[in-house]
Amino acid sequence: MAISILFGVFALLLALGVPVAFSLAVAALATLLYIDLPPLVLVQQVTAGAGSASLVAIPLFILAGEIMMRGGISERLIGLASALVGRMRGGLGQVSIVSSLFFGGVSGSAIADVSAVGGAMIPQMVQRGYAKDYAVNVSITAALVALLVPPSHNLILFSAAAGGGVSIVDLFAAGMLPALLMTLSMMVTAYVLARRAGYGTEAFPGFAALLQRFVAALPGLLLVALIFFGIRAGIFTAVESAAVAVVYALLVAGVAYRRLNWASFVDTVTHAARTTGAILFVIAAAAAFGWLLAYLEVPAATVDALRAIAHDKLMVLLLIVLVLLLLGTFMDLAPMILICTPIFLPVAKAYGIDPLQFGVVLILAGGIGLVTPPVGSVLFVGTAIGRISIGESLRTIWPFWLAALTVLLAVAFVPSLSLWLPAVLKH
């Protein structure tokens, strides 16, 4: 009955449109009252959830991404991508996809990615004769790559939700090959659709211009290397790397690009603070929810339930993927990570599934939910930029959705896609 109250109240409040953080907290409080535990437990768990030292990296990476985004890096990354892949069929669509890969290594956020890259590329594509739905769908699905490349705060969140037992730098490495695979699958899909629609290509600016654009974008691209290899080499921790990223971003935006004045800096910090506050509120409320999951032995019950349904490792993994895809349609990624990790990670371990692989699968499945209604935040941002209805987007998004689903299943059933690079880098 207590488990029913916990999930029932949470689902009911979500259905009524109550924000996720409040839904988590109220559901936890209702369950505590039912099992006759003092409400003070909620306060203790919320405080503990927001007090983890590893979470300090999240607001710092968000701030670094905001500084780089407002400091002129997006135009330089788009210019480089245009020189690299613009001459392919559906040139501007290909530019949008590759720009999302580059920008994801700066922002670590799918919403920031579609806001920055989509905000620049969607109007350009429409002006050049591309259909609005094509422009929007290319941009929003390409933004999913940002979830998997450093400094993805979703990977940091998964590490925290896993109890700190999963290395952040190994998660960064585990996400790189799937991110490249996602990029390639989106480029192939965009090419096929562009060929059918008769979209053109962009002129190659020449190798001299390509080199010039690469040099201009290099300071921004080096942020990924600074974060990843700095942690891997043991020069600094994940939290320290986030602080270094902020300082580096300030130097790039303020000194190298000369695009960050005092007014834009204040605006940047304000926006980053709002984003951080929303995320940390969800994390704190989800901590109390997760504590109750453990107290009520939900993970153990989930393992027993799945063992009763299927004995094969691949079948269990398929069931987990299906559940995650379903949850992703009505739950944002951050709360999904915080709720599903303590439930399904013990199941994954019980069946010999590596936590690194499970983390990438969880974030990919939740990422697909970001472009799927009714709670698809990236979908909402992209359609708003493109000034089309969600229905118009959904009528033609299915090829891109199938491409993302194919990558998800490949990562789920081919462990080496997420485990090979972390293993290589350890040697």
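The rules we used
- Residues numbered from 1 in each chain as written.
- Predicted model: local features only at pLDDT ≥ 70, side-chain atom pairs only at ≥ 80, totals over all residues.
- Heavy atoms only, no water.
- Helix = DSSP H or I, 4+ residues; strand = E, 2+ residues; numbered from the N terminus.
- Rg over C-alpha atoms; globule rule 2.2 N^0.38 Å.
- Contact = heavy atoms within 4.5 Å.
- Axes fitted to C-alpha atoms, helices over the stretch in contact; angles between N-to-C directions.
- Parallel < 35°, antiparallel > 145°, perpendicular 65-115°, else oblique.
- Left-handed = near helix turned anticlockwise from the far one by under 90°.
- Nonpolar A, V, L, I, M, F, W, Y, C, P; charged D, E, K, R; others polar.
- Core = buried A, V, L, I, M, F, W, Y, C linked by side-chain atoms within 4.5 Å.
- Buried < 20%, exposed > 50% of the residue type's maximum accessible area, 1.4 Å probe, protein only.
- Phe/Tyr/Trp six-rings, centres within 6.5 Å; stacked < 30°, edge-to-face > 60°.
- Lys NZ or Arg CZ within 6 Å of the ring centre and 35° of its normal.
- Arc of directions from axis to C-beta.
- Expected span 1.5 Å × (residues − 1).

(A) Expanded view of the overall build of the chain. Within the chain, the regular secondary structure consists of 21 helices and 0 strands. Taking 427 residues into account, the globule formula puts the C-alpha radius of gyration at 22 Å, and the chain, at 21 Å, falls close to it. Of the contacts formed within the chain by residues at least 6 apart in sequence, a portion of 78% connects residues at least 24 apart.

(B) Just the packing of helix α7 (residues 110-127) against helix α18 (residues 377-386), in detail. Taken N-terminus to C-terminus, the directions of α7 and α18 make an angle of 20 degrees; their axes are 10 Å apart at the nearest point. Taken together, the axes of α7 and α18 are roughly parallel relative to one another. Considering only the axes of α7 and α18, their crossing is right-handed. Two secondary-structure elements touch here, α7 through A110, I111, V114, S115, G118, G119 and I122 and α18 through S377, V378, V381, G382, I385 and G386. Per-class residue counts for the contact of α7 with α18 are 7 nonpolar, 6 polar and no charged.

(C) How the structure looks around the nonpolar core. The biggest cluster of nonpolar side chains holds 156 residues, and the ones touching the most others in it are Y134, F158, F358 and L408. Looking at this core, the element that brings in the most residues is helix α10 (residues 168-197), giving 13 residues. Ignoring any residue separated from it by four or fewer positions in sequence, one finds F358 in contact with F158, I320, F344, L345, A348 and I353.

(D) Expanded view of the packing of aromatic side chains. Within this structure, the stated rule accounts for 12 aromatic pairs. Summarising the aromatic geometry, the rings of F204 and F207 are spaced 5.2 Å apart at their centres and angled 75 degrees between planes, so their arrangement reads as edge-to-face. Overall, the relative accessible area of 27% leaves F204 in the partly exposed class. When the centroid spacing of 5.7 Å and the interplanar angle of 35 degrees are considered together, the rings of W262 and F265 count as tilted. Of the two residues, W262 and F265 are both situated in helix α13 (residues 262-295); the distance of 3 residues between them amounts to about one turn of the helix. Connected via pairs of aromatic rings, a cluster forms that spans Y130, Y134, Y199 and F400. The cationic tip of R76 hangs over the ring face of Y257; the distance from NZ or CZ to the ring centre is 3.9 Å. Over the aromatic face of F204 sits the side chain of R87, whose NZ or CZ is 4.2 Å from the ring centroid.

(E) Molecular detail of the environment of A242. Within the secondary structure, A242 sits in helix α12 (residues 238-256). Relative accessible area serves as the criterion here: at 0%, A242 is assigned to the buried category. When near neighbours in sequence (up to four residues on either side) are disregarded, A242 contacts A57, L60 and F61.

(F) View of helix α3 (residues 40-50). Of the positions making up α3, those classed as buried are V41, L42, Q45 and G49. Around the axis of α3, the buried residues are gathered within 100 degrees of arc, so they sit on the same side. Exposed positions of α3 whose direction lies more than 90 degrees from the buried face are L40 and T47. Next to the buried residues of α3 lie α2 (20-34) and α13.

(G) Fine view of the environment of V18. Tracing the backbone shows V18 in the loop between α1 (2-15) and α2. What V18 contacts, discounting residues up to four positions off in sequence, is L13 and S23.

(H) Fine view of helix α4 (residues 57-70). Spanning 14 residues, α4 covers 20 Å between terminal C-alpha atoms, matching the ideal 20 Å at 1.5 Å per step. Most of α4 is tucked away, with 11 of its 14 residues classed as buried. Residues of α4 that are buried include every one of A57, I58, F61, I62, L63, A64, G65, E66, I67, M68 and M69, and no others.

(I) Summary view of the packing of helix α9 (residues 153-161) against helix α17 (residues 355-369). Across the interface, α9 lies against α17 with an axial gap of 11 Å and an inter-helix angle of 130 degrees. If you check the angle between α9 and α17, you find them oblique. Pair α9 / α17 crosses with right-handed handedness. From α9, N154, L155 and F158 reach across to α17, where they touch P355, F358, G359, L362 and I363.

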